[in-house]
Every structure is written in C-alpha cells, then in structure tokens.
Amino acid sequence: MAKCLPGTSFRWERECHLRVVATGWSRRCGDTFRAARGQERPRAEVDSRTTRRHGWRTTPEGTTLEDASPNNRDAGVVAAPSGGPADWVPTFPGYLGAIPEDAVLRLGPPRWAVYGGNAQTNTWAPWYTQHKIMRGLLDAYYNTGNAQALDVVTKMADWAHLALTVGDKNHPGYAGPLTRDDLNRMWDLYIGGEFGGANEVFPEIGHLTGDGKHLETARCFDNRESLFGACVQNRDTLVVTPQNRPGRLRPERLYANTHVPQFVGYLSVYERGGGQEYFTAAKNFFGKVVPGRMFAHGGVGGNYPGSNNNLELFQNRGNVANAIATSGAETCTTYNLLKLARNLFLHEHDPAYMDYYERGLFNMITGSRADTTATGDPQVTYFQPVSPGVVRSYGNTGTCCGGTGLENHTKYQETVFLRSADGGALWVNLYVPATLTWPERGFTVTQRTSFPRQDHAELTVDGAGRLDLELRVPAWARLGFTVTVNGQAQDVDARPGTYVTLSRDWRRGDVVGIRMPFGLRIERAPDRPDTQAVFWGPVLLQFLGGGAFPELSLYRHLKRDGDYGRAAIRAGAVTAAGDPTFTAGGFTLRPYHISDSRPASSYFRRVEPTVVFGSVDTGVPNRKRNDGLPRYDVPVEGVVSPGTDGPTFLDLLWDQAPFPDHGRFVSAVTALADAFVSAGRFTAAERAAVVSKAAEAEREL
C-alpha cells in the first residue's frame, strides 16, 4: 500500500519484486517543463451575513465554492427544500458520483443505454467517472492517512459490487442479476462501456479492508468477449476486418485510450491474487502496441487509408508510415501506456519498458504543455499528430486530456527511483532532477542533472550502509556509458538496454557520476523504411516548417564511424532555454518537447538514389532489398500488402557501422553486394562497380 513519508511526495508499495520509493522533484522555471502558475484571486466583498473560510463562503442563500483560478467559475451548493417527496431514491446504499446513480445503472440491462446527450436515456462513460473519484479518495487516504476518505471509497465500492452483480433491480424490466454475458456486452458499448482503469481500485480496497468481494468486483470489468481472452492467448484483435469481429458489439477498431487503462487494472487484479492470466493479458497487450503501433514520439492511434474516421482509435498492426498523414496520437493514451510500462517493469525488470517510458515522457509528455504563462485553460494537448508540417494545438478545458494533462506535470518524479522488495537495491530508471528520502534505510539520494539538455547526471548519497545501485543504460546509449564514484572510474559492463550494478558500502557524501554521450541516430518506420525520424539521444528532433515531408540525402556525408553528427546533421544554435538545434539539408531541427505554435514535421523521407561513398558516386541505383513490406494484418486502402519494400543497400551497409578500418568497410560492401546479386537486386557488373568504388573511396571515408 502507499504511505506518506516525511519530506517526500508519496510512496507506493506493490506485492511484486520492486517497490516504488518516494522522491521530491524540482523543475526549472522558464523552460518547457514549466507548469502553469495560478494567480491570486481578488478579495470578494463580504457583508455581515457572510461566513467565509478557505475558498468557500456561506450566505443565507446557500454556499459558494470559490474557483481559485482566474476564471471565476464558482460553484453553488444549495440545500434541498424540506418536506415533500425525495428528489432521489437510491437503488443501493453508498452511491457517490458526479452523475445521477441511474445514469450508471442504465448502462446495463434491460436498458443498455448508449452514448449520447439525452440526460434521461443516454449515458457517457459512467464507470470512468467513478474511477476518477475513487482513485482520488484512495490517494487521499494513502498520502494523508485520512480515514474518512477510506470509509467513503469503501462505501462506493460496496455500491459498485451491487451495481455489477445485482444490477438495475428497480427497473420494471429487470430480469435478474447480471451475468458474465451481460457484463461482456456492457464493456463493448462505445464510450458508455469505457471504464478507464476502474478495475484497479477494487483489489486495493479489498486488500485494505480484507473483504474479498472487492476482487470479485474488479473481475466484473473483464472484457472477456472481445479482448481479454485474445490477449491471454496473444492474439492481436485491436483492429480486425468486418468479418472477423470477435464480439457482438465490437467495432473493427478499438478506442486506444478506452482499453490501455483496463490493462493497468488487470495488473492490479493479478497483484492481489487474481491469477496469472491477468498478468499475461497485460504483458501481451503492451507487446501489441509497443513497438508495432508506436510513432517516434511514443504515441499511438489515428486514421489510415480505408479506415473509419476516428482519430482516437488504434491503427492496424505495423502501420506507422501510412498512419502518419492523419492526426492522432492522443496524449491520454501515452499517459496510460507509461503507467502500464512502469507497472509491468515492477514484475519483469525488462529495461525495454523503461526505454519506452523515457521516450514517451521526454517527448510526448514534456511536449504536451504549451510554453506559455497563460492560465486561462490547461494549455495542454489532446492529440499530438506527427503528420508533416503540423501545428500542435493546446487548450482542453473539460476533456480527459485536460485532466490528465495537468496531472502529467506534477509527477515527473514518479518512476525515477524504485527499490527492490527486500530493500537491498535502489534502481535509478530515469535521469531527472529528484531527491529520494528513504527513512527505512537511512538514505537520502539527490540526483542533479539538466537531462535531456545535457548528457550526464550526478547522484549524491547521504547515508551509510550496503546497497546495490542499479543504473539504467538507455538502449540509445551506443557511444558509451561511464560511471565514477568520487571521481574514480568504475569497471562496469555497460551494454545499451541493460542496467549496471554498483554494489558497495556507501558513506555519507559519496558522489556517483554518470555520463552517456548523446549521438544522432535515425529510426526507420517498420512498414516503409524511407520514412524516418531523427533522434538526439532520447529526444526526437522535429523539422521546422510546413508543407510536405522534408526530403534528405545523408549517406554521402558519412565516414567509417557512421556518425551523422560529423557532417550530415550539424549542430546549430542553442536556444535561450538551453535546447540544442541542428541543421541538415537546409532544414532546422529542434527537440520535440519545445511547445509553441510553429509548424513542424516529426518524420522525413530519405532520398538516396545511387550508391555513394562520400563524394564517390558508383552510378549504381541504391536498390531496396525485398523484405515484403508493408506486411499488414488488416488492409490499407491503395497499399499492396505484403509488398516489395525494404531497406536499401546503403541502409543495410551503414547499419553495420562503425567500421574499424577501410579493409573491414570494403569487406562489408563486398558481402552485401554479393547478397544483392544472389537476391537479383544487383547484376554482376553493378556488383563489381560498387566494390571497386568502395576500395577507391578510402580518403573519402
């Protein structure tokens, strides 16, 4: 369970192999990580009949709850008149919600209410709303020890159990308790069946109260007809063809942010004794989304040729290049994918989960808040499309992305540190300025860094005793990862995409230095290799300017080390906030997290018509290997699948860089040219020309 620790934000303990430990957090003013600051509200005129206290005031007419923001959106609380019939007769005791109880119950039989604006017959996402309230009450209990919060949320859980087992018993058409078949149908109702991560709170409540019925309630949310079972079996049904829809009401494409938080909840069920299948479903679901549906900034979702028009839905598996041109990539979806990745890591310790977490955090999440001091609305994104020349838009008062968008920028500290269940190891997962207070072990660990504006971090240990420090080596850190303790280099096996262990008896004042040089690298779309993105360490670089895809030729600038930073992509000016910029082919590139209204492109098209080695042009076409791309599970209109696309000769050659000497370079060229001849991609004469020119290009490389 979670408890408040002195001098820390929170502590969250899970029944698993790692536990989260609390951190403080710092934020630099005036840069892209800045949160909106509130403004002091002008004093209201108060007469002798008014009682005023801490944001509310009471008059004979009722109570006003004052809006602390400059928007002046106060709320009124008015007592119901005494006498006469009750305004509301509850179906079950314990209901608390933002909408009438009936709007929740009508989702199920016999009414099966659908999404819409009629307050008497429709519903929206009632269990999503219940989840937010219950989550807030649990957090109030965890962080402050407020027993009333636990009492209220437990009564809400008691109500929920009856609502999901007994059902809408006061309706004239009531036919009896809810069945598994009824629940399956409910969760496939579009929007109405969206329950967020409601299933995550009930196992926690059961653990806190010792009442096993709450785990049963959590299982009621299993979407077993159209998704849960498929994920247990590792079948990808996120997007299907019309003839293969697995449920009675299942649409062909699932709404991404409806379903990601469900699997956060399934992990909670697993952790409280629900069974292995809940973990298996969550792990397999994540694997269907990342990396196969992931855009460069970590987002997913959007339209594609031939799909229906709903940007919040998943795209088909493996479709990146043909989903870029539309909007999409809802910020809320990434928010929940980060939660899922983090919670999976607690059980499996696979560094790939943290590599994804870092990608989404340092690109989409930091890029989701406008670089402005305006406080008129949240100034956060709903979608973050990666289409060419797109302008990010901000705002979102009253949307789910407005709410989670505000939350995002209060919890950068959340995953920086984790501890092992036995307290013998501290895992450093993210390079973020943060302070850890760990009273049980007597340690305070302070991390100082300006990452990702700089490539190093420093950890200062205040405490003494034996402890393993597990330092994450990012998958992109291919130019080295060095560690020092009190200035002395440490012998560590620092392979990209792993953790290195510093096991020692620490003394107060010990300082750990970490350096991971940033490099420029290219990522290719999995379905169309000439559609590419540029990264600087963990940071996606965007091309400034509107219009179509930028086009670049870069291979003629490469030397044997394959370093794009030598000449292909050059360092430019540093912004006032300290962000690097770059230039390439007449374009200016800058970090994705810079959040203003300038049009920018996250991808470019690689144009490399002939095989070149520096300025030596062989005249041989830079043909593609036929890798059968794209290879979509669901058709994309106008695109042949499987196709004949694949990486080019130069792609495959420079994937092998660095080359220690020219002889090794020529050997690689020769072997690859031979393979292209065998595959029918080069003639013997073209092979000879390529090998000959490679041998002549020693000075060029």
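Residues numbered from 1 in each chain as written. Predicted model: local features only at pLDDT ≥ 70, side-chain atom pairs only at ≥ 80, totals over all residues. Heavy atoms only, no water.

(A) Seen up close, the packing of helix α14 (residues 662–678) against helix α15 (residues 684–696). One way to put it is that α14 packs onto α15 with a least axis distance of 9 Å and a crossing angle of 170 degrees. Looking at the two axes, α14 sits roughly antiparallel to α15. Taking contact as the criterion, the partners of His662, Phe665, Val666, Val669, Thr670, Ala673, Asp674 and Val677 in α14 are, on α15, Arg687, Val690, Val691, Ala694 and Ala695. Residue composition of the contact of α14 with α15, grouped by class: nine nonpolar, two polar and two charged. (Axes fitted to C-alpha atoms, helices over the stretch in contact; angles between N-to-C directions. Helix = DSSP H or I, 4+ residues; strand = E, 2+ residues; numbered from the N terminus. Parallel < 35°, antiparallel > 145°, perpendicular 65-115°, else oblique. Contact = heavy atoms within 4.5 Å. Nonpolar A, V, L, I, M, F, W, Y, C, P; charged D, E, K, R; others polar.)

(B) Representation of the pairing of strand β23 (residues 570–574) in the model. Burial analysis of β23 places just zero of its five residues in the buried class, a small minority of the element. Pairing analysis gives three bridges linking β23 to strand β24 (residues 580–584), with the strands arranged antiparallel. Residue pairing for β24: Val574 is matched across the bridge by Pro580. (Buried < 20%, exposed > 50% of the residue type's maximum accessible area, 1.4 Å probe, protein only. Pairing = 2+ DSSP bridges.)

(C) Focus on the packing of aromatic side chains. By the definition in use, this model includes 40 aromatic pairs. Their ring planes at 20 degrees and their centres at 5.8 Å tell us that Phe202 and Phe221 sit as a pair that is stacked. Linking Phe202 in helix α5 (residues 201–209) with Phe221 in the loop between α6 (213–220) and α7 (228–232), this pair joins segments that are 19 residues apart in sequence. Considered together, Phe202 and Phe221 belong to a single accessibility category, that of buried residues. Members of the aromatic cluster, joined through ring pairs, are Tyr95, Trp127, Trp159, Trp187, Phe195, Phe202 and Phe221. Taking NZ or CZ as reference, Arg185 lies 4.1 Å from the ring centre of Trp112, over its face. Note that Arg504 overlies the ring of Trp506, its terminal NZ or CZ placed 5.1 Å from the centroid. (Phe/Tyr/Trp six-rings, centres within 6.5 Å; stacked < 30°, edge-to-face > 60°. Lys NZ or Arg CZ within 6 Å of the ring centre and 35° of its normal.)

(D) Representation of unusual backbone geometry within the structure. Residues Pro109 and Pro110 are joined by a peptide bond in cis, for which omega reads 5 degrees. Cis geometry marks the peptide bond from Ala657 to Pro658, where omega comes out at 5 degrees. Along the polypeptide, Pro658 turns up in the loop between α13 (649–654) and α14. Positive phi, close to 65 degrees, is recorded for Ile191, a residue that is not glycine. Summarising the element assignment, Ile191 is placed in the loop between α4 (180–187) and α5.

(E) Highlighting the side chain of Asp222. Relative to the elements of secondary structure, Asp222 occurs in the loop between α6 and α7. According to the relative accessible area criterion, Asp222 is buried, its value standing at 1%. Separated by 2.5 Å, the side chains of Asp222 and Tyr278 make a polar contact. When residues no more than four places from it in sequence are discounted, the contact partners of Asp222 are Arg180, Asn184, Trp187, Tyr266 and Tyr278. (Polar contact = N/O pair within 3.5 Å; in protein donor to acceptor, adjacent residues only side chain to side chain.)

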